[in-house]
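Fold and geometry: a report
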Amino acid sequence: MTRKTYYITTPIYYVNDKPHIGHAYTSLACDVLARFKRLDGYDVMFLTGTDEHGQKVEKAAEAAGVDPQAFCDKVSQSFRDLAGAMNFSNDDFIRTTEPRHVKSVQALWQKVAASGNIYLGHYEGWYAVRDEAFYQEDELQDGPNGQKLAPTGAPVEWVKEPSYFFKLSAWGEKLLKFYEENPGFILPASRRNEVISFVKGGLKDLSVSRTTFKWGIPVPGDEAHVMYVWFDALTNYITAAGYPDTGSDSYKKFWPADLHMVGKDILRFHAVYWPAFLMAADLAPPKRVFAHGWWTNEGQKISKSLGNVIDPLALIEEFGLEQTRYFLMREVPFGNDGDFRRAGIVSRINSELANGFGNLAQRTLSFCAKNTNAAVPTPGPLAEMDEALLAEADSLADRMRAALDDQAIHTALQYWFDLVDAANKYIDVAAPWTLRKTDPARMETVLWTLLEAIRQLAILAQAIMPNSAAKMLDQLGVSEAARSFAHLGEMGRLRAGTPLPTPQGVFPRHVEAAAKEGA
Ligand code: MSP
C-alpha cells in the first residue's frame, strides 16, 4: 500500500529583517499541521526557507556594508535558528540563492516564455521596495512630505525601465474557472471572495523582470534583466519538490502541494500569480492556499518604528517553548487577526495548562503512585459516566482531524481543551479519594478511565507541544512505539499492572515577576 502524502509549505522569509512573531506564527501553524499528519500516518514534506533576492535585500546589504551573499548567509541562519528554537519539524530549508533553485526558476521561466506568456516591453509605474510589489495610481495614499504610499503604508517610487511582462491579463477567466471548480483552493472563505472580486476586476499584465539592480536570478538569454523577486520566490515550492525534474520520485510524490500557508498580506501572490505561472507552464496548481491573520501587540500594529516588535525567542525565554506554542495556536481563531496581550498568555498558561491539563495529570498520577502500587490500575465494569468520558476521548482525534483539515487549529484545540475540562469535572464527581476507602475496585476503574483520557490527550498534544506531551507519555508508561494515532482509542488501551514512573509536574504555573518579588 502506498502511503498517503502531505506537502505543506511556509512562505520563504525575507532576509532583510530578523525573525519576529509573524514569521514564528506562520511556521508554527505549519509545524502543528505537519506533526499531526505524520502522527496520522502520512509521509509529510514540510518546507520552509528564506527569500534572498530583490532590491530590498540588496539595499539592506548595502546599508550594512556587506556583500549581499554574505548578508543573506547571516540572516538566513537566524531563521534556521528560529526553527531550532521553536522546535519546527521542517524536512527541508530552501534558500533562493542555492544552485538547485536558480536552475529551477530559469527552467520555469523558459517554459512560461516558450508557451508565449512572456514578452519584452517597458514598465512605468509605482513600485514599493518594502513590499516588492507594483501598485496602481488609484491604490495609493498621500503620506508625509508629499510621499506616496502603498495601501500597506510602504513608500512607493516611480520606476521606468525595460521589463519582461507575464501575460496575466490572459489568465483571468481560467483562474475564475479554477476557483469555481476548486472551492477549497482559497481559505478562509472571506479571503476567497476578496480574491475572486480582485480577479473579476480585471488583471493587468505583470512586470516580471527588473534592470535597475543586480541582486536576482538572471533572465535566461537576457542577462541585463533579473527576475522579479516574486517569480523567483514562488518557484521555491516546486524547486524543493525536485523541479525541473518532473519525472523525479519526489516531484511525483509531493507536487501539487497540499497547502501553502501564508499571511493575508501575501495571498494575492499565492492565489493569483502563482497558479497563473504554473498553468502557463502546464504544471498543476497547489491544492490549497490558506491566509491567516496578523498579530497586533496590546492593540497596536506591530512595527519597528513603534519599537513593539515581539521577539519569539524572548517569549520562549519568559513563558517556555511549549506554552508559547500553545498560546499562539489557541488564542485566536485561525484566519482572524489576533491581539497579543501578556494577560492573555499568562491566563492560558495558568488556567488551561497548569490548572487544566497539568493538574489533571498530576492529580491522577500522584493518586496512582500512592494507591495503586505505582502501576496502571485494573478497570472493572464501566459505569455510564466512565463510558461517556471514554467516548469523548476516543472521538477526539476524529474531531480534531476534521477541524485541522480546514486549518481550524483553534477549533481542534477547543475540542482538546473541552476533554481536559470534562476529565477534571469527572474526577471531582467520581472522587477517587473517597472511593479509596469505600470502594477500592471502583476507584481503580475511575483512575484507569482518567489515565486513558490523559493518554489520548497526550498523544494528540504531540502535534502542539511535542516535548511536554512526550514527558506526559513517559509518565503514563506509553512506549515510543505506541505514540502514533494508530494507537488511539481501543487500539492502545493502557494495560493493568504496567509500572508508572514517579510523577513529575509538566506544566508549571507562570508567576509574574512582580508577584514573585512581592511573595
Ligand atoms: N518573502 C515573502 C514571501 C515569499 S513566499 C513565496 C514575504 N516574507 S516576509 O518575511 O515578509 O513575511 C512572511 C510571513 O510573515 C507572511 O506570511 C506574513 O503574513 C507574516 N507576518 C509578518 N508580520 C506578521 C504579523 N504581525 N502577524 C502575523 N503574521 C505576519 O512576505
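The model shown is predicted, which means the values in this text are computed figures rather than measured ones. (Residues numbered from 1 in each chain as written. Predicted model: local features only at pLDDT ≥ 70, side-chain atom pairs only at ≥ 80, totals over all residues. Heavy atoms only, no water.)

Considerations on the packing of aromatic side chains
Scanning the entire structure with this criterion turns up 31 aromatic pairs. Relative to Phe-277, the ring of Phe-166 has its centre 4.9 Å away and its plane inclined at 85°; by these criteria the two rings are edge-to-face. With Phe-166 in strand β9 (residues 157-166) and Phe-277 in helix α10 (residues 267-280), this residue pair connects regions lying 111 residues apart in the sequence. The pair Phe-166 / Phe-277 is uniform in exposure class, with both members buried. Where Phe-290 meets Phe-334, the ring centres are 5.2 Å apart and the plane angle is 15°; that geometry is what we call stacked. Here the residue Phe-290 occupies a position in strand β16 (residues 289-292), and Phe-334 occupies one in the loop between α12 (321-330) and β19 (338-340), the gap between them amounting to 44 residues. Taken individually, Phe-290 and Phe-334 each receive the classification buried, so the pair is uniform in this respect. A connected cluster of aromatic rings, assembled from ring pairs, spans Tyr-25, Phe-290, Trp-295, Phe-327, Phe-334 and Phe-340. Positioned over the ring face of Tyr-6 is Lys-37, at 5.1 Å from the centre of the ring. (Phe/Tyr/Trp six-rings, centres within 6.5 Å; stacked < 30°, edge-to-face > 60°. Helix = DSSP H or I, 4+ residues; strand = E, 2+ residues; numbered from the N terminus. Buried < 20%, exposed > 50% of the residue type's maximum accessible area, 1.4 Å probe, protein only. Lys NZ or Arg CZ within 6 Å of the ring centre and 35° of its normal.)

Considerations on helix α6 (residues 189-200)
Counted at 1.5 Å a residue, the expected span for α6 with its 12 residues is 16 Å, and the 16 Å between its end C-alpha atoms agrees. Along α6, the residues that are buried comprise Arg-191, Arg-192, Val-195, Ile-196 and Val-199. Taken down its axis, α6 places every buried residue within 140° of arc, on the same side. Tucked inside the fold, the buried residues of α6 contact α5 (172-181), β10 (186-187), α10 and β16. Positive backbone phi, at 100°, marks Gly-202, one or two positions downstream of α6. (Expected span 1.5 Å × (residues − 1). Arc of directions from axis to C-beta. Contact = heavy atoms within 4.5 Å.)

Concerning the packing of α12 against helix α19 (residues 466-475)
Where α12 contacts α19, the axes come no closer than 8 Å and their chain directions differ by 115°. Taken together, the axis directions place α12 and α19 in an arrangement best described as roughly perpendicular. Here Leu-321, Glu-322 and Arg-325 of α12 lie close against α19, whose contacting residues are Pro-466, Asn-467 and Ser-468. The residue makeup of the contact of α12 with α19, split by class, is 2 nonpolar, 2 polar and 2 charged. (Axes fitted to C-alpha atoms, helices over the stretch in contact; angles between N-to-C directions. Parallel < 35°, antiparallel > 145°, perpendicular 65-115°, else oblique. Nonpolar A, V, L, I, M, F, W, Y, C, P; charged D, E, K, R; others polar.)

Describing the site of the ligand
Around the ligand lies a shell of 23 residues, among which Ile-12, Asp-51, Gly-263, Asp-265 and Trp-295 are the nearest. Note that a nitrogen atom of the ligand is positioned 2.7 Å from one of the side-chain N or O atoms of Asp-51. Note that an oxygen atom of the ligand is positioned 2.6 Å from one of the side-chain N or O atoms of Asp-265. Elements supplying a minimum of two residues to the shell around the ligand: β2 (13-14), α1 (21-39), α7 (229-234), α8 (236-239) and β15 (259-263). Of the residues in the shell around the ligand, the class split is 12 nonpolar, 9 polar and 2 charged. (Near = heavy atom within 4 Å. Polar contact = N/O pair within 3.5 Å; in protein donor to acceptor, adjacent residues only side chain to side chain.)

Some thoughts on the domain arrangement of the protein
Interface size is commonly expressed as the accessible surface area that is lost when the partners come together. The domain boundaries assigned to the protein delineate domain 1 (5-293) and domain 2 (342-492). A C-alpha centroid distance of 42 Å is found between domain 1 and domain 2. Domain 1 puts 15 residues into the contact, and the matching count from domain 2 is 18 residues. Summing both sides of the interface, domain 1 and domain 2 together bury roughly 1400 Å²; the carbon and sulfur share of this comes to 65%. (Domains from an automatic or database assignment. Buried area = accessible area lost by both parts, 1.4 Å probe.)

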